[in-house]
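Structural overview for review
Okay, here's what each chain looks like letter by letter:
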Amino acid sequence: MDRPPEPKPATGDRPVPNDPAHDRIWAPLAVPIFRALWITALVSNIGTWMQTVGAQWFMVEQHTHPLLIALIQTASAAPVLLLGIPAGVLGEFLNRRSLLIWMQTLQVLLSAALVTLTATGEMTPYLLLIITLLLGGATAVQLPAYQALATEIVPVRLVPMAASLSAVSVNIARAIGPAIAGVLLSGFGVAFVFGMNLLSFAAFLVVLVTWRTYRPDARQAERFVDAARAGVRYVTRAAVVRRMYVRLGAFVVPGSVLYALLPLIATERLGLDSAGYGLLLAGIGVGSIGAAFLMPVFRSWGANRTVLAASVLFGAATIGVALSPTIVLALPLLALAGAAWIGVVATLNGAVQSFLPVWVRARGLSVYQMVLYGSMAAGGLLSGVVAGWVGATAVTAAAGAVTLLVAATQLFWPLLETADKKRETFALPLAEASVDVDGTSPTLVLVRYDVAPENVDAFRAQMRLVEHSRRRTGARTWALYQDREDGDWVEAFGVGSWDEHLQQHRARLTRYDQTVIETAGALANSVEVEHLVETADAATPRRAHHAGAAHHSPPHPAAPS
């Protein structure tokens, strides 16, 4: 993939040497602020899992209905689905460090209230659910901003490794957080576990507050609703990203069954107590860490082969865990499953972060999180319902088989290649307006092409790519017409507002989009562009832009907008 020159980190921290020998999974940790954020985020993730276990145990001690116990996990994850798109917009246009500080402060205050109410005996099950839901909401708002922040503070070539480290952090926390919580609950009680989570949130907040060198990338402001629609429109229209998300969901729905039903496998099939279950979780964590060291190997394989191989390994390991008669056999299989999970999720996450254009990165990552969490919730819910009928062992083994079938589909429906997709931003010149334009006015762009008969077939084929580009970057409608009088071809696409059309010119096009548009223009003898903006009574031409043979000339041809 073509890449721009390596920028220096925006934080002012020392740059990582541009040496392939340094491009290993741990290379992003050479950037001081990334290292500090990663370590404290790991601690915070551990604290979050401890708090979840503590909340569930509080419900058990209060002899509440099993539904309320199950709702603890739902209250933590549901906000990611409900707030995913708004969180992506906020993470796109607000100062990401400031947003993280505000959300982390809210989490510290909520956690302090949680500790105080529990320690004084004033906590109730429903109040605990409300606080858990609010904590989940703050986390949902943080996720896209935190992930997009990594692309600003590490060199471009290390973005996939940074994404892998984030996935490793989550899985390590998932493995050891519940185990630590189990030990602390038996010795010190629920309030103490909540207090440990409070300290983990505070540690992350201290790093954010003391980080003074952050300089956010310049971004053009957009209206909230338009920005949200643009983010969804990009994901649904970008075939590369869309296929990555479909592949992620197809893997995670059956893959999450192992995590959801592992407690039942531990107790019903292996006869383990809570300590034994913690040991199984630790096995997954060990595999996750081991996968981190293999990420350079995975990268050399390419995304398609890595996702295929890891999916097959995870499916086979899931079947093996379901059928294992002893913990001795289950532990190494769980380690393989943990490594394979990282292989799929981290590879896809890194590929998405590397591919998403700067203008829509946080919004695209918010959709990624929605797919990930939504698929996990769906897999857990379905597995729980079916396991009540046929048992956890059968459902887990069947989920492993489904994972293998999903992996097989990649042989004929692989991830799309991205080597020729130039991702750096390209600003397309635009003539000044000849009339005053209301920025909120819906805009229609008409592009007239004079195409010689011998070029018509190639032109029409190229315009399919132009359509995809227009829709990815903001067009709500698109059509290609032929003038019955002079034979010219007219491209017409509508944009939600004049301001959004300006965003197409200033920030939303990549070099790949530029090439697609220029190629279409090169097949025409001349190109003319006209902008129409809607008024209260009629559509008003903004300005007719005429481009003749000059559109062939470098460096910036007068290509259609």
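In what follows, the accompanying structure is described.

The rules we used
Residues numbered from 1 in each chain as written. Predicted model: local features only at pLDDT ≥ 70, side-chain atom pairs only at ≥ 80, totals over all residues. Heavy atoms only, no water. Helix = DSSP H or I, 4+ residues; strand = E, 2+ residues; numbered from the N terminus. Buried < 20%, exposed > 50% of the residue type's maximum accessible area, 1.4 Å probe, protein only. Contact = heavy atoms within 4.5 Å. Areas by Shrake-Rupley, 256 points an atom, 1.4 Å probe, with all protein chains shown as cover. Core = buried A, V, L, I, M, F, W, Y, C linked by side-chain atoms within 4.5 Å. Pairing = 2+ DSSP bridges. Salt bridge = Lys/Arg side-chain N within 4 Å of Asp/Glu carboxyl O. Axes fitted to C-alpha atoms, helices over the stretch in contact; angles between N-to-C directions. Parallel < 35°, antiparallel > 145°, perpendicular 65-115°, else oblique. Nonpolar A, V, L, I, M, F, W, Y, C, P; charged D, E, K, R; others polar. Polar contact = N/O pair within 3.5 Å; in protein donor to acceptor, adjacent residues only side chain to side chain. Expected span 1.5 Å × (residues − 1).

What to know about the overall build of the chain
- Within the chain, the secondary structure is distributed over 16 helices and five strands.
- Across the 561 residues that make up the chain, the buried fraction comes to 53%.
- Residue pairs at least 24 apart in sequence account for 82% of intrachain contacts in the chain once pairs closer than 6 positions are excluded.
- Surface accessibility of the chain: about 23,500 Å² in total, with carbon and sulfur atoms responsible for 65%.

Some words on the nonpolar core
- One finds Phe-34, Leu-37, Leu-128 and Val-154 to be the most contacted residues of the largest nonpolar core, which totals 68 residues.
- When contributions to this core are tallied by element, the ones reaching two or more residues are helix H1 (32–61), helix H2 (66–93), helix H3 (96–119), helix H4 (125–153), helix H5 (159–188), helix H6 (190–210), helix H9 (274–301) and helix H11 (327–355).
- Broken down by element, this core gets its largest block of residues, twelve residues, from H1.
- Residue contacts for Val-154: discarding those within four places in its chain leaves Pro-28, Val-31, Phe-34, Val-159 and Ala-162.
- The next biggest cluster of nonpolar side chains, apart from the first, holds 55 residues, and it includes Val-240, Leu-262, Val-360 and Ala-392.

Here we look at the pairing of strand E3 (residues 489–495)
- Of all seven residues that make up E3, seven are buried, and the element is covered over most of its length.
- The alternating pattern of E3 places Trp-489, Glu-491, Phe-493 and Val-495 on one face and Val-490, Ala-492 and Gly-494 on the opposite face, and all of these are buried.
- The pairing of strand E1 (residues 443–450) with E3 spans seven bridges and is antiparallel. What sits directly across from Leu-444, in E3, is Gly-494.
- Judged from the seven bridges that link them, strand E2 (residues 475–482) and E3 form a sheet pairing that is antiparallel. When the sheet's bridge partners are listed, Tyr-481 is paired in E3 with Val-490.
- Counting the residues that bridge the hairpin from E2 to E3 gives six residues, and of these Gly-487 lies at a positive phi of roughly 85°.

Side note on the pattern of salt bridges
- Overall, the coordinates contain twelve salt bridges when judged by the stated rule.
- Between Arg-470 and Glu-491 there is a salt bridge, and its shortest N-O distance comes to 2.7 Å. Pair noted here: Arg-470 is in helix H14 (residues 456–472) and Glu-491 is in strand E3, with a separation of 21 residues, a long-range link.
- The structure contains a network of salt bridges with shared partners spanning Arg-233, Arg-476, Glu-500 and Arg-508.

A short note on the packing of helix H12 (residues 361–390) against helix H13 (residues 392–409)
- Axis separation between H12 and H13 bottoms out at 7 Å; the angle between their running directions is 130°. When the interaxial angle is binned, H12 and H13 end up oblique. Contact residues: Ser-383, Val-386, Ala-387 and Val-390 in H12; Ala-392, Ala-394 and Val-395 in H13.
- Split by residue class, the contact of H12 with H13 holds six nonpolar, one polar and no charged.

Regarding the side chain of Arg-97
- Note that Arg-97 resides in helix H3.
- Take Arg-97: its relative accessible area is 15%, and that puts it in the buried class.
- Here Leu-208 takes part through its backbone oxygen, which lies 3.0 Å from a polar atom of the side chain of Arg-97.
- A polar contact is formed between the side chain of Arg-97 and the backbone oxygen of Val-209, at a distance of 3.1 Å.
- Arg-97 has contacts with Leu-208, Val-209, Trp-211, Arg-212 and Tyr-214, leaving out every residue within four places of it along the chain.

Quick notes on H6
- The end-to-end C-alpha distance of H6, which contains 21 residues, comes to 31 Å, matching closely the 30 Å that a straight helix rising 1.5 Å per residue would cover.
- Every buried residue belonging to H6 is among Val-190, Val-193, Phe-194, Gly-195, Asn-197, Leu-198, Ser-200, Phe-201, Phe-204, Leu-205, Val-207 and Leu-208, and all of these are buried.

Quick word on H3
- Here H3 spans 34 Å end to end across 24 residues, near enough to the 34 Å set by a 1.5 Å rise per residue.
- Two or three places before Arg-97, at the opening of H3, Asn-95 has a side-chain oxygen 3.1 Å from that residue's backbone nitrogen.
- Positioned one or two residues after H3, Gly-121 has a phi angle of 80°, which is positive.

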